Structures are given as C-alpha cells and as structure tokens.
Amino acid sequence: MLKGFKDFIFRGNVLDLAVAVVIGTAFTAIVSAFTDGIIKPLLAVFGGTNELGWGFQIMSGKPATFVQLGTIVGAVIDFLLIAAVLYFVLVTPANRIMARFGSKQAAATEIALLTEIRDLLAAQRDGESGPDKSTGSGSGTTTIREV
C-alpha cells in the first residue's frame, strides 16, 4: 500500500501540480498587492466624492447596501494579471522546452524502434526458419511465411 502511495506522490503530474499551486499562490500575493495598492485607488477615482469608492447604493442612507464595482473590477484585473503572469512565466517556457526536447526524444525513440524492426526483419530474412504455407485461391497461389 505504501509503495502505491509513493508511486502516486512521485508521479510527474502530482509534483507539477504541487509546484503550480505554490507558485500560483506566490504570484497571487504579488498581484493582489499590486491591485490593492495601485489599481483599486485608481478605480476609486471613478467613484467621485463617494467615500465608499466606485459603485452605487441600493438604498440611500444604508452603507451596507453599497455595491462596490471597484472591488469587482479589481478582482477581474487581479485574475487576468495572475493568468497572464502564469502563462508567460510558466506555460510558454515549458511549452518551448517540451517542443525542443520532447520532439527530439520522440524522434530518437522512433528511430530506435525502426532500427530494431529493421534488424529483426533482416535476421528473419537471413535465418528464414519454418516452412512456407501456400493457400490456393482460384487461379493464383498466395504464399504466406510463418513469422
């Protein structure tokens, strides 16, 4: 049971996921600080003289009914910045690395496999073991060699 758990933990997907979560959390903190420190104050400018920021109040005189558009827009900007940072810092370089090394590795594996097939066919052709079986079908004869 522990061997299966160890195999699961050390599988590449789990480790990649763990790294992505940690890095994503770190980028989230950085981007959230940027959004809170720079973007939200800029969005509050659109609120005019309203002390609650950019938005509107459903019932006048009740601050609890204030809908904060600045917070919503800030969260959208937050998400887009995090997605952009993760894409350009992690995904794009990883795709380039996989394209560079992954295709060479696949090509090398393909070449090795084709070479092995060629060698096996050559060994069979040189050693030709086993009798030929002929099957008659109409006017012609088809020869099948046992492999």
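Above: the structure in question.
One structure accompanies this document, and this report is about it. (Residues numbered from 1 in each chain as written. Predicted model: local features only at pLDDT ≥ 70, side-chain atom pairs only at ≥ 80, totals over all residues. Heavy atoms only, no water.)

## Structural notes on the overall build of the protein chain
Assigned secondary structure in the protein chain consists of three helices and four strands. Going from N to C terminus, the protein chain has its helices and strands arranged as α-α-β-β-α-β-β. A buried classification covers 10% of the 147 residues belonging to the protein chain. In the protein chain, the share of contacts with a sequence separation of at least 24, taken over all contacts with a separation of at least 6, comes to 29%. In the structure as shown, the protein chain presents an accessible area of about 11,800 Å², 68% of it carried by carbon and sulfur atoms. (Helix = DSSP H or I, 4+ residues; strand = E, 2+ residues; numbered from the N terminus. Buried < 20%, exposed > 50% of the residue type's maximum accessible area, 1.4 Å probe, protein only. Contact = heavy atoms within 4.5 Å. Areas by Shrake-Rupley, 256 points an atom, 1.4 Å probe, with all protein chains shown as cover.)

## A few points about the side chain of Thr-65
Examined against the element boundaries, Thr-65 turns out to sit in the loop between strand E1 (55-57) and strand E2 (66-68). On the basis of relative accessible area, Thr-65 is assigned to the buried category, the value being 18%. For Thr-65, the side chain forms a polar contact with the main-chain oxygen of Lys-62, separated by 2.7 Å. Apart from residues no more than four positions distant in its own chain, Thr-65 is found in contact with Phe-56, Gln-57, Ile-58 and Met-59. (Polar contact = N/O pair within 3.5 Å; in protein donor to acceptor, adjacent residues only side chain to side chain.)

## Observations concerning the pattern of salt bridges
This model, assessed by the stated rule, comprises one salt bridge. A salt bridge links Asp-119 to Arg-118; its shortest N-O distance comes to 3.0 Å. Exposure remark for Asp-119: the relative accessible area of 40% places this residue in the partly exposed category. (Salt bridge = Lys/Arg side-chain N within 4 Å of Asp/Glu carboxyl O.)

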